[in-house]
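# Structural characterization, general
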Amino acid sequence: MSSVIKRIKNYFRKPKVIILLTILLGLTLWFWFCLPRQLFNSPTSYVIDDDQGQLLGAAIANDGQWHFPYNPNVPEKFKRCIIAFEDKRFEHHPGFDIVAFSRAIRQNIRAKHVISGGSTITMQVIRLATKHKRTFWNKLGEILMALRLECTHSKADILALYTSNAPFGTNVIGLDAASWRYFGRSPDKLSWGEMAAMAVLPNSPSLVHPGKNRQILLKKRNQLLDRLHKQGVIDSTTASLAKLEPVPDRPLPLPQSAPHLLVRFKTDHPIGDTRIKTSIKSTLQQQVNDILERHHSVLKANDINNIAAVVLDVETGQALAYAGNIAHSNDPEMESDVDVVDAPRSPGSTLKPLLYASMLHDGLILPNSLIPDIPTQIAGYHPENFDLGYDGAVPASRALSRSLNVPAVKMLQQFKYERFYDFLQKAGITTLKKPADHYGLSLILGGGENTLWELTGAYADMARVLNHYTKYNGKYDTADYHSPVYSVQPTKKPQLEKSGLLDAGSIYYTFQAMEEVMRPGEEMVWQQFSSTQRVAWKTGTSFGFRDGWAIGITPKYVVGVWVGNTDGEGRPDLTGINTAAPVLFEIFRLLPVARDWFEMPVGEMVKIKVCHQSGYRAGEYCEDVDDMWVPKSGLKAPVCPWHQLIHLDASGKWQVTGDCESPGNMATKKWFVLPPSMEYYYKTKNYLYHTLPPFRSDCALAEKGSPMELIYPKDGAKVYVPLEADGSRGRMICNAAHRQAGVKIFWHLDDKYVGETIDFHQVALNPSAGKHKLTLVDGNGNNLEINFEVLAK
């Protein structure tokens, strides 16, 4: 035995044997590594499918080809057709068919030119991947590489590679693209006649393609059908009927139901897989597109050219419809290629509900706490309500439902715009690129920029938190706040905590206020928005009538709509209520009706006594008290500051004090008293409000605090007085309020008398540029003095 082993060792030590073994090893290594690491690296088309896998849209690849990404699923019909036509022993040979190859050689010799290549489907995959020219040595290389491919790939994989990369005429690559280009539907829906036509195209794509040589295509297709019948794949009836089907004439346009989402997908995924199964529901998408087109046909008469909408599923945050704009690519003036869903725009009033919820969460207000609604100027900033009027004071919930600007600014002033800026960022708003000081108090009225995508997502987050409060037994999932998505995402395990960014109670009351949305003077308009389901919603209009917004929320869906011009041009009547709201409710009518409204999160609430008139926590002098469920944070809300105890004389007509009336003759009464400036407007809108009785003449000097208040300007104000048409400086209108009717107020500018007023306290002044002092003295000797500055420019 040892001698045999010794002879074998000596044999393998011979130079010739070593050389031979080295050559064999080299050939083996070449054979194993002869295939490129990635067989196909040609660019592919970006393709988006709906939630059922049906095509929504596709873009031509960078090399100008319609080439859909690799699809591992090959339709059974195509498999039968291509094997019968190209390689009938495909499932049995190792990648090289010696029988077919020998037959091809004989045919070529007889014909004296190449009429058959004898290539198997596996060899054609190699040729498609390597793009080799047809030479003898390249053919030999294809045979070896085909054998190698069969070593590590299944027949199904090889057939899928062929199906996804074979040429189908003109600039169409792969069965998926060819099926849509030639028949307008997916390959799995093709008939036998259509699939047979597809199977014969890769054999001669430059000669036989739809639109030319149709008789050749028809002849080849029918020959294949006869072969399938002969092989028993289809019966004679099927073959006969399939032959009656026409062959395709010319390429068809691909579906473009969501062109802006397709562009967004390309932008979001510059590398990697170029096909995605989205969460879009194609039927809803088309219906939303139709609604936008219908409304656009009316809006463009007012030179309003663009409109966008998005529908989100609350539970998942997935987009069910994504219409980034109208689709008028043939009209460049429409600028319909701009995806407004993801474009930063001024949001108008659409952030007000977020501020309301934040203040409830922090216990700064209760749902109906009165908020000042009076002329306001803060560091030169002078907000006005949409209707240019004032209520004096208005419940916070009503201020939200009526979208009043001045109360919103007052609320943000109390909450602090820096805190609100931080809250918005935590809520997923990423478009506020500048520091909080850049936006200031204007942030609540659209001074920043937001996208329809993020804003709609923020409201979906709030609805999700409220829905999950009961589901998670009063706890909060940190993952409930996330950006919307347009593809199906895996479900994550909840990360539960005892508190969240907003508590469920605050969100609940916010949605309750949003359900009562209305605008003063426009109540009759709401009749056209009748809906079969309850919707919490908010409109918004940006400064200059450039953007109209509407966002609606139900327990299951959130719908966002934007209307305007992408170039920022403002138009008359371009408001959220006039343009976006009708679209919003028409889309909601497409959606399934939610059976239940948001459930009140009682576990996150407490029942407290609330002053009926002020909406604050009831104080000791509040007589009309309501028992009300409020968020737990309401326990630290302020106590009513406007009820006070007053002393009247026996007649009840005059206020008195112990200095002018004996205690035995006094009547003590609790009274709801607003500051003079708030009272001035409030009493005109609330007939039940009673002003304080005046002090009796012998007690007048005993009144505490000033009975009058300057509404405009405020102390320290910086005022710009514009020039008139003739170039002269305009007049500055000053307003004051006095608690007592019929009292005169004497006005002095820089200690010089300028006039007097009674009841309606308004004067027009013409101060020069610079600093000034304004002094008011009433008929009872009460004095009020403020300083202001008139700006030169």
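The structure under discussion appears in the preceding block.
Below you will find a few notes about this structure. Keep in mind that what you see is a predicted model, and the values were worked out from it rather than measured.

## Comments concerning the sheet that holds strand 24 (residues 762-765)
- Taken in spatial order, the three strands of this open sheet run 19-21-24, and their pairing is antiparallel. Only two strands of the sheet have a single partner each, and these edge strands are strand 19 (708-712) and strand 24. Across the sheet, the axes of successive neighbouring strands diverge by a mean angle of 25 degrees, strand direction being ignored.
- Examined bridge by bridge, strand 19 and strand 21 (residues 732-738) share four bridges and lie antiparallel to one another. From the neighbouring strand, Met-708 faces strand 21, where its bridge partner is His-738.

## Observations regarding unusual backbone geometry
- Residue Pro-713 follows Tyr-712 across a cis peptide bond; omega there is 0 degrees.
- Relative to the helices and strands, Pro-713 resides in the loop between strand 19 and strand 20 (717-720).

## Notes on the packing of aromatic side chains
- For the structure on display, the rule yields 17 aromatic pairs.
- Plain terms: the ring middles of Tyr-46 and Phe-265 are 5.5 Å apart, the flat faces sit at 80 degrees to each other, and that makes the pair edge-to-face. Within this pair, whereas Tyr-46 is found in strand 1 (residues 46-49), its partner Phe-265 is found in helix 12 (residues 259-268), the two being separated by 219 residues in sequence. Per residue, the accessibility class of Tyr-46 equals that of Phe-265, and both read buried.
- Look at Tyr-682 and Tyr-689: their rings are 5.4 Å apart centre to centre, the planes differ by 85 degrees, and that puts the pair in the edge-to-face class.
- Taking the relative accessible area as the measure of exposure, Tyr-682 reaches 10% and is therefore buried.
- The class of Tyr-689 is buried, set by a relative accessible area of 9%.
- In this structure, Arg-419 packs its charged tip against the face of Phe-415, placed 4.2 Å from the ring centre.

## Some thoughts on the nonpolar core
- Ranked by size, the top nonpolar core spans 85 residues in total, and within it Phe-420, Leu-424, Ile-444, Tyr-459, Phe-511 and Ile-553 carry the most contacts.
- For this core, the leading source of residues is helix 19 (residues 452-471), giving ten residues.
- When near neighbours in sequence (up to four residues on either side) are disregarded, Tyr-459 contacts Thr-350, Leu-351, Pro-353, Leu-354, Phe-511, Met-514, Ile-551, Ile-553 and Val-558.
- In this structure, Ile-83, Val-172, Phe-183 and Ala-242 belong to the second largest nonpolar core, which totals 55 residues.

## Notes on the pattern of salt bridges
- Counted under the stated rule, the structure contains 29 salt bridges.
- A salt bridge links Arg-345 to Asp-547; its shortest N-O distance comes to 2.7 Å. Here Arg-345 is found in the loop between strand 7 (319-323) and helix 14 (352-361), whereas its partner Asp-547 is found in strand 13 (residues 547-553), with 202 residues between them in sequence.
- Ionic pairing is found between Lys-714 and Glu-709, a salt bridge with its closest N-O pair at 3.3 Å.
- One network of salt bridges, in which partners are shared, links Asp-649, Glu-661, Arg-696 and Asp-698.

## Examining the state of the cysteines
- Throughout the structure, instances matching the rule amount to zero disulfides.
- Sulfur of Cys-611: no disulfide; nearest cysteine sulfur belongs to Cys-622 and is 3.4 Å away.
- For Cys-622, a relative accessible area of 9% corresponds to the buried category.

## Comments concerning the packing of helix 8 (residues 175-183) against helix 9 (residues 192-200)
- Contact pair helix 8 / helix 9: the axes reach a minimum separation of 11 Å and the direction vectors enclose 120 degrees. In terms of orientation, helix 8 and helix 9 fall into the oblique class. As for the relative orientation of helix 8 and helix 9, their crossing is right-handed in sense. Mapping the contact onto sequence places Leu-175, Ala-178, Ser-179, Tyr-182 and Phe-183 in helix 8 and Glu-194, Met-195 and Met-198 in helix 9.
- By residue class, the composition of the contact of helix 8 with helix 9 is six nonpolar, one polar and one charged.

Parameters at a glance
Residues numbered from 1 in each chain as written. Predicted model: local features only at pLDDT ≥ 70, side-chain atom pairs only at ≥ 80, totals over all residues. Heavy atoms only, no water. Pairing = 2+ DSSP bridges. Helix = DSSP H or I, 4+ residues; strand = E, 2+ residues; numbered from the N terminus. Axes fitted to C-alpha atoms, helices over the stretch in contact; angles between N-to-C directions. Phe/Tyr/Trp six-rings, centres within 6.5 Å; stacked < 30°, edge-to-face > 60°. Buried < 20%, exposed > 50% of the residue type's maximum accessible area, 1.4 Å probe, protein only. Lys NZ or Arg CZ within 6 Å of the ring centre and 35° of its normal. Core = buried A, V, L, I, M, F, W, Y, C linked by side-chain atoms within 4.5 Å. Contact = heavy atoms within 4.5 Å. Salt bridge = Lys/Arg side-chain N within 4 Å of Asp/Glu carboxyl O. Disulfide = S-S within 2.5 Å. Parallel < 35°, antiparallel > 145°, perpendicular 65-115°, else oblique. Left-handed = near helix turned anticlockwise from the far one by under 90°. Nonpolar A, V, L, I, M, F, W, Y, C, P; charged D, E, K, R; others polar.

Shape is all these values report; function is a separate question.
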